[in-house]
Amino acid sequence: MSILVNFAIFPTDKGISVSEHVSKIIKMIDESYINYKLNPMGTVFETKSMSEALEVIHKAHQILAPYSERIYATASFDIRKDGKDRLEGKIKSIEDKIGRVKK
């Protein structure tokens, strides 16, 4: 199974820049050995189960909770029973059709 998650989570009461807080979440994901990619509006990661995906989001919330009175979060899921390594595979599929794309 492959669960692709595109998510963003950040405190709303810490001013214009929240990278100090978001970087703590990225560090947690990186240290969890989960395949992920940053994008300007969030992070995409891939897990093998829904429980693992939700655990990442739960841990992200736990990281921010002590620092903020209000947290914004959004997530979208692409769940495929027979997939794996789709984080790179979906991009490769497009590049096979039209050539190299910006990443």
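Quick note: structure is the one above.
Everything numeric here is computed off the predicted structure, so don't read it as measured data.

A word on helix H1 (residues 19-31). Counted at 1.5 Å a residue, the expected span for H1 with its 13 residues is 18 Å, and the 18 Å between its end C-alpha atoms agrees. Every buried residue of H1 is listed here: His21, Ile25, Ile26, Met28 and Ile29. Projected down its long axis, H1 shows its buried positions confined to an angular sector of 155°, all on one face. Summarising the geometry of H1, the exposed residues directed more than 90 degrees from the buried face are Glu20, Lys27 and Glu31. On its buried face, H1 sits against strand S1 (2-11), strand S2 (35-39), strand S3 (42-47) and helix H2 (50-64). A positive phi of about 60° marks Tyr33, the residue just after H1.

By the definition in use, this model includes five salt bridges. Between Glu31 and Lys27 there is a salt bridge; the shortest N-O distance is 3.8 Å. On the criterion of helical spacing, the pair formed by Glu31 and Lys27 is a turn pair, its members being four residues apart in helix H1. Here the salt bridges do not stand alone but share partners, grouping Asp78, Arg86 and Lys90 into one network.

When you tally the buried positions in S3, you get five out of six residues, the bulk of the element. Pairing between S1 and S3: five bridges, direction antiparallel. The partner of Ile3 across the bridge, within S3, is Thr47. In terms of strand pairing, S2 meets S3 through five bridges, oriented antiparallel. Bridging across to S3, Asn39 finds its partner in Gly42.

Criteria and cut-off values
- Residues numbered from 1 in each chain as written.
- Predicted model: local features only at pLDDT ≥ 70, side-chain atom pairs only at ≥ 80, totals over all residues.
- Heavy atoms only, no water.
- Helix = DSSP H or I, 4+ residues; strand = E, 2+ residues; numbered from the N terminus.
- Expected span 1.5 Å × (residues − 1).
- Buried < 20%, exposed > 50% of the residue type's maximum accessible area, 1.4 Å probe, protein only.
- Arc of directions from axis to C-beta.
- Contact = heavy atoms within 4.5 Å.
- Salt bridge = Lys/Arg side-chain N within 4 Å of Asp/Glu carboxyl O.
- Pairing = 2+ DSSP bridges.

As far as function goes, none of this settles anything; it's purely spatial.
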